[in-house]
Each structure stands twice: as C-alpha cells, then as structure tokens.
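For reference, the chains in residue letters:
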Amino acid sequence: MISSRLLSREVTIPLATSLLMFAAWEILVHTGMLRAAFFPAPTNIARTLLSLALGGELWLHVATTLGRLFASFLLAVIPGTALGLAMGWRMEMRMATDPLVRLLFPIPSIAFFPLVIFYLGLSEWGLLLTAAITPFLLIVVQAAAAVEGLERTLLEAGRNYGATGRRLFMRVILPAALPHLFIGYRLALGVGFIVTVAVEMVAAKHGLGGFLWHSWQILRIEEMYVGLVLIGLLGILVTYGLEALADRLMPWQADLLRLKGQR
Amino acid sequence: MAPQHRSSLAFVSPVIAILVWELLAAAGILRPNYVPPPSQLGPHLVELLAGGELWRHLCVTLYRLSLSFLFALIPAVLLGLGLGMSRNLRLALEPILNSFYAIPKIALLPLVMLVLGVNERTLIFTSTLTSFVQMTVSTTGGVLAVDRSILEAGKNYGATGWRLFRYVLFPSALPDIFTGMRIGLGLTLVLVIAVELTAAQEGLGAFIWTAGQTFAAKNLFSAFVVIGTLGWTLSYGLERIGQWLMPWQQRSSAAMFQ
C-alpha cells in the first residue's frame with residue numbers, strides 16, 4: 001500500500017519536475033551554457049548556505065527578520081482585532097471609523113515607509129510601524145466584515161438562550177467570527193512579510209532583506225542566493241504553515257482557508 | 001439605515017480629521033515644516049502637479065505599472081487556465097509556482113538587476129513577476145472552483161471542447177480571474193513603488209524617498225497623497241468595473257488586500 005502511494009502521480013510528478021529543474025540548472029552551469037556568475041550551480045549555493053549556517057551570522061539575520069515580522073504582527077493584530085470587532089458590533093463605531101479605514105486601506109503599504117521614518121527616523125520602531133500599518137488595516141476590515149456577516153439566526157438563538165452583552169460576544173460572536181479573523185491574520189502576515197523584507201532591503205543592515213541587498217552590492221552572488229532561498233523558505237512558512245495550522249485548529253473550515261480560495 | 005444616508009455620512013469623519021489637523025496647525029501645535037496643514041498642502045500639490053515635476057514622476061510610475069501588468073496578463077491567464085484544466089501540468093508546475101508565490105517578489109530585484117543590469121527593463125520585469133504569479137494562481141483557482149454540475153449541464157447540452165470552454169468554463173472562472181487581476185494590480189503598484197524607492201531615480205517612489213531624505217515635508221505629503229489616490233482609484237475603480245462587467249457576482253470587500 002505504502003509503495004503504491006509513494007508512486008502515485010501526486011508524489012512522482014512534482015518531485016520529478018523539481019529534480020529535473022535542479023539537475024538541468026546544475027548541468028547547464030557546468031557546461032557553461034548558464035553563466036555561473038549570474039546563476040551559480042545549486043550545489044555551490046547549498047555549500048555556501050551550509051558554511052554560512054555553521055558560521056552563525058546567518059542565524060542572526062534570520063532571527064532579526066522573524067523578530068521584526070512577529071513584533072509588527074503583534075502591533076497590528078491586537079488593536080486591529082479590537083477595532084474591527086467593535087466596528088462590526090457597534091454601528092456608531094463603524095460610522096466613525098469605516099471611512100478613514102477605507103481611505104487608508106488601498107494606499108500601497110510601502111508608501112508609508114518614507115512618511116513613518118520622516119518622524120521616527122531610521123529606527124527599529126520606524127521599520128516595525130511601517131510593516132504593521134497595512135496588516136492592521138487589513139485585520140480591521142476583515143474583522144468588521146466577519147462580525148457583520150454573521151447570520152442573524154445565530155445571534156437570535158444566542159439571545160433566546162439568554163446570552164447578552166459580554167456573554168453573547170464571547171460565546172457566540174467571537175467563535176463564529178474566528179475563521180474569518182484567521183483569514184485576515186494569514187493575509188496580514190503575508191503582507192507584513194513582504195513589507196518587512198522590502199523595508200530591510202531599503203534601509204536595514206541586519207535581517208534577511210539587508211543581507212540580500214548587501215551581498216548584491218558587494219557581488220557575493222552565492223550569498224545573495226542564500227538570502228533568496230531563506231526568504232523563500234520563510235515565505236513558504238508564513239504562507240503555507242498558517243494554512244496547515246488552520247486545518248488543524250478548524251478542520252471544519254478547511255476549504256475556507258485555502259490559498260486558492262481567495263476571492 | 002438608508003444607503004444614501006450612510007454614503008453621505010461616509011464623508012463626515014475624514015472631513016472632521018482634516019479640520020482637526022488644520023486647527024492643530026493653526027493653533028501652533030503642529031509645526032508646518034514638520035506636518036504641513038491641509039490649507040498649505042493643497043496649493044503646493046496643485047503647484048507640483050501643474051509645474052510638471054510631480055506630474056512627470058506620476059507618468060513614469062503609471063507607465064511602469066501598466067507595462068508590468070500588461071506583460072503579465074495574457075501569459076498568466078493562459079497558464080492559469082492550462083493549470084486549472086490539466087492535472088498533470090498542475091502537479092508538474094505547482095511546486096515551482098507555489099515557491100514563487102511565497103517569495104516577496106521585491107527580493108528578486110537584486111537577482112534581476114544582476115542579470116539584466118540596472119535599467120528600466122529590470123524595474124518593469126521585477127514588477128511583472130508579481131502580477132504574473134498572482135494572476136496565474138487566481139486563474140487556476142477560478143478554474144478549479146467551477147461548479148462540476150455546471151460543466152455537466154454544459155456537456156449534457158452538447159457542448160464539448162472549445163464550445164464548452166468558451167461558453168461554460170471561461171465565464172464561470174471569469175470572476176476569479178478578475179479578482180486575480182485586481183489583486184495583481186494592487187500588488188504590482190506596491191512593487192513598483194518599492195522598486196522605485198530602492199533603485200530608481202524617477203517615479204513616485206523615488207520622488208517620495210528623496211523628499212523624505214531632504215526633509216521636504218510638503219513634497220513628502222504631496223507625493224503620499226498622489227500615491228494614495230492612485231492606490232485608491234485602482235482599488236475602487238476596478239471593483240466598480242467588476243460589478244459593471246459581472247453584475248451577477250456579489251461584491252467582495254476583503255479581497256482587496258495588498
């Protein structure tokens with residue numbers, strides 16, 4: 001049974017194309033058809049990755065980027081969720097803040113960077129705040145929509161069972177809105193990651209974005225690829241790791257959270 | 001509450017915010033060369049646009065944005081349709097596509113600069129990658145999400161091959177393709193600005209960066225307003241077009257993420 005599963009198309013085809021691609025790359029470099037100065041052989045990149053990983057400095061960059069991502073996410077998620085839920089729950093709150101949120105939301109995330117560092121300087125806070133703004137707005141929009149979209153029958157049922165105020169909110173509204181909140185968090189983390197890397201490339205010495213930019217500037221191409229690989233791995237973790245987590249936590253909502261289901 | 005009533009209320013809080021801003025500046029709490037008041041910002045913005053400087057940067061950014069988007073559009077939709085319809089193709093290419101999807105495309109800028117050199121092509125190509133990946137993924141998702149029963153109904157009415165594709169599959173996937181275009185365009189704008197911040201002399205990204213570095217607060221705010229308006233127009237404008245083209249499709253608010 002196991003061998004037949006391992007030999008099924010779901011496993012063999014993706015594996016084969018990936019291997020084929022790397023093999024072709026390796027061979028083309030060695031025959032000189034791909035310039036090694038631009039596209040170093042995968043084995044060379046792997047070797048550089050290994051030696052840098054043993055050196056330890058690389059981990060500092062990984063930790064810095066992860067730390068920034070996490071900190072900016074916290075900056076976004078707590079006020080964002082609170083404001084969004086309040087907007088969905090209270091009409092007055094919605095009327096007061098919704099227009100401002102709608103005004104700010106479509107502004108390209110990275111455009112906040114020059115504005116933020118104009119006031120905060122090129123400080124750690126400047127980077128964190130920039131990376132938190134659009135995720136914050138995204139979480140607000142998603143949380144407000146989640147509460148607004150709740151089925152009235154659910155609320156009525158809750159009320160009929162005697163839940164009011166805080167209880168209604170904690171026991172009925174929050175659990176029902178949770179899957180939608182989670183979508184917002186996942187999207188926010190993805191956006192936060194993009195902005196973090198972009199900001200690091202522009203203005204930071206440390207972090208993977210800074211490492212990537214620096215190795216391009218001094219033309220250490222293998223190191224540049226190492227930076228790219230690590231950013232890719234983190235990206236995969238951020239994009240698909242959360243999806244897997246959601247599958248675990250809310251198996252009944254699996255389809256809702258699929259990457260391809262973004263509409 | 002009546003919809004008209006609500007939409008007129010939508011202007012209240014931004015207007016109040018602008019008034020408070022102006023009043024704080026007039027009271028001397030906000031220093032004008034640090035936070036220019038709206039009454040100074042308006043004329044300055046008009047002057048910058050009319051004088052041609054900001055206008056030129058806006059045109060450069062629009063040019064890059066539209067080229068990046070258009071180069072990606074047709075290949076992405078074709079590849080997405082192919083991926084959606086052929087399981088083998090999907091299995092073969094998905095690992096590569098999914099890894100590209102997960103990488104922030106701005107991180108590819110150094111690599112593209114290395115290969116193509118630091119020039120206009122590089123800036124546009126890097127932004128194109130974003131549109132391309134996003135639209136491919138959305139189109140694939142759109143085809144995969146087409147209701148099986150609709151396809152069966154089409155087949156029962158005798159549609160096969162091209163006719164089935166043209167009259168059943170493609171229209172059903174169209175809303176998702178359109179959403180992909182909208183998200184793709186939003187992401188491409190972010191990337192064009194980011195690339196301009198990082199590596200260009202011209203364009204709104206370069207202009208706003210220079211303004212910030214030289215402490216030209218009015219220029220900084222003016223550029224921010226222009227970039228914001230651009231993002232705003234693209235986002236809500238495309239949503240409107242989508243509703244007009246596909247009135248049967250319900251509007252989705254949360255998908256406008258960047």
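The structure displayed is predicted, hence computed values, not measured ones. Every residue gets a number counted from 1 within its own chain, in the order that chain's sequence is written. In the order they appear in the text, chains get letters beginning with A and ligands get numbers beginning with 1. Side-chain atom pairs in this predicted model are given and counted only at pLDDT of 80 or more, local residue features only at pLDDT of at least 70, and totals for whole chains, interfaces and linings cover all residues.

Draft legend 1. Region of interest: the overall build of chain B. Counting its regular elements, chain B contains 11 helices and 0 strands. The helix count covers DSSP runs of H or I at least four residues long, the strand count covers runs of E at least two residues long, and both are numbered beginning at the N terminus. Traced from its N-terminal end to its C-terminal end, chain B shows the element sequence α-α-α-α-α-α-α-α-α-α-α. Split into buried and exposed, the 258 residues of chain B put 41% on the buried side. Contact definition: two residues whose C-beta atoms, as placed from backbone geometry, lie within 7 Å. Taking all contacts inside chain B whose residues are at least 6 apart in sequence as the whole, residues at least 24 apart take part in 71%. Put plainly, a residue is buried at 20 or more neighbouring C-beta atoms within 10 Å of its own, exposed at 12 or fewer, and partly exposed in between, counting only other residues' C-beta atoms, which are placed from the backbone.

Draft legend 2. View of the domain arrangement of chain A. Residues and elements named next belong to chain A. In terms of domains, chain A is made up of domain 1 (1-39) and domain 2 (40-261). At the interface, 8 residues of domain 1 touch 5 residues of domain 2. Under the convention adopted here, Pro, Cys and the residues Ala, Val, Leu, Ile, Met, Phe, Trp and Tyr are nonpolar, Asp, Glu, Lys and Arg are charged, and Gly plus all remaining residues are polar. Considering only residue class, the side of domain 1 that touches domain 2 consists of 6 nonpolar, 1 polar and 1 charged. Domain delimitation follows an automatic or database domain assignment.

Draft legend 3. Structural context of the confidence of the model for chain A. Residues and elements named next belong to chain A. Taken as a whole, chain A shows an average pLDDT of 85; of its residues, 92% reach a score of 70 or greater. In the model of chain A, helix H1 (residues 2-6) stands out as the element of lowest mean pLDDT, 60, in contrast to helix H10 (residues 207-217), which has the highest, 93. Per-residue confidence from the predictor is given as pLDDT, running between 0 and 100. Under a pLDDT of 50 for its full length, residues 259-263 has, in the predicted model, 14 contacts with residues more than four places off or in other chains.

Draft legend 4. Structural view of the interface of chain B and chain A. Taken together, the contacts link 55 residues of chain B with 53 residues of chain A. Among the secondary structure elements, those contributing two or more residues to the side of chain B that touches chain A are helix H2 (12-26), helix H5 (87-102), helix H6 (109-116), helix H7 (120-144), helix H9 (161-199), helix H10 (204-213) and helix H11 (217-245) of chain B. The greatest single-element share of the side of chain B that touches chain A, amounting to 10 residues, is contributed by H5 of chain B. Residues of the side of chain B that touches chain A, tallied by class, amount to 39 nonpolar, 14 polar and 2 charged.

Draft legend 5. Quick look at the nonpolar core. By size, the foremost hydrophobic cluster in this structure holds 127 residues, and its most contacted members are Ala198 and Leu212 of chain A together with Ile106, Ile193, Ile208, Ala223 and Ile227 of chain B. Here the element with the most residues in this core is helix H9 (residues 165-203) of chain A; it accounts for 18 residues. If sequence neighbours within four positions are ignored, isoleucine 193 of chain B has contacts with Pro108, Ile110 and Ala111 of chain A together with Leu204, Gly205 and Ile227 of chain B. Each nonpolar core consists of buried Ala, Val, Leu, Ile, Met, Phe, Trp, Tyr and Cys residues. Their C-beta atoms, within 7 Å, join them into a set.

Draft legend 6. Geometry of the confidence of the model for chain B. Residue and element names in this part refer to chain B. Of the residues in chain B, 92% have a pLDDT of 70 or more, and the chain-wide mean is 85. Across chain B, the secondary-structure element scoring lowest on mean pLDDT is helix H1 (residues 3-9), at 56, and the one scoring highest is helix H4 (residues 53-85), at 93. When the criterion is pLDDT under 50, residues 251-258 qualifies, and its contacts beyond four places in sequence or with other chains add up to 26 contacts. For this predicted complex, the interface score ipTM comes out at 0.84, while the overall pTM is 0.85.

Draft legend 7. Representation of the environment of alanine 246 of chain A within the structure. All names here are of chain A. Within the secondary structure layout, alanine 246 lies in helix H11 (residues 221-249). Judged by C-beta crowding, with 20 C-beta atoms within 10 Å, alanine 246 ranks as buried. Sequence spacing of alanine 246 and isoleucine 183 is 63 residues, and the spatial spacing of their C-alpha atoms is 9.1 Å.

Draft legend 8. Helix H8 (residues 152-160) of chain A, seen in detail. For H8 of chain A, the buried fraction is low: 0 of the 9 residues fall into the buried class. Once H8 of chain A finishes, glycine 162 of chain A follows within two positions and takes phi at roughly 95°, a positive value.

Draft legend 9. Inspection of the packing of helix H6 (residues 112-120) of chain A against H10 of chain B at higher detail. A fitted line through C-alpha atoms represents every axis, and for helices the fit uses only the stretch in contact; the resulting angles, taken between N-to-C directions, go from 0 to 180 degrees. Direction vectors running N to C along H6 of chain A and H10 of chain B enclose 5°, while the axes themselves pass 9 Å from each other. Judged by the inter-axis angle, H6 of chain A sits roughly parallel to H10 of chain B. Here Pro114, Ile117 and Phe118 of chain A of H6 of chain A come into contact with H10 of chain B, specifically with Ile208, Trp209, Ala211 and Gly212 of chain B. Note on angle classes: values under 35 degrees are labelled roughly parallel, values over 145 roughly antiparallel, values of 65 to 115 roughly perpendicular, and the remainder oblique.

Draft legend 10. Focus on the environment of glutamate 124 of chain A. Mapped onto the secondary structure, glutamate 124 of chain A falls in helix H7 (residues 124-148). Taking the C-alpha atoms as reference points, glutamate 124 of chain A and serine 18 of chain A, separated by 106 residues in sequence, lie 39 Å from one another.

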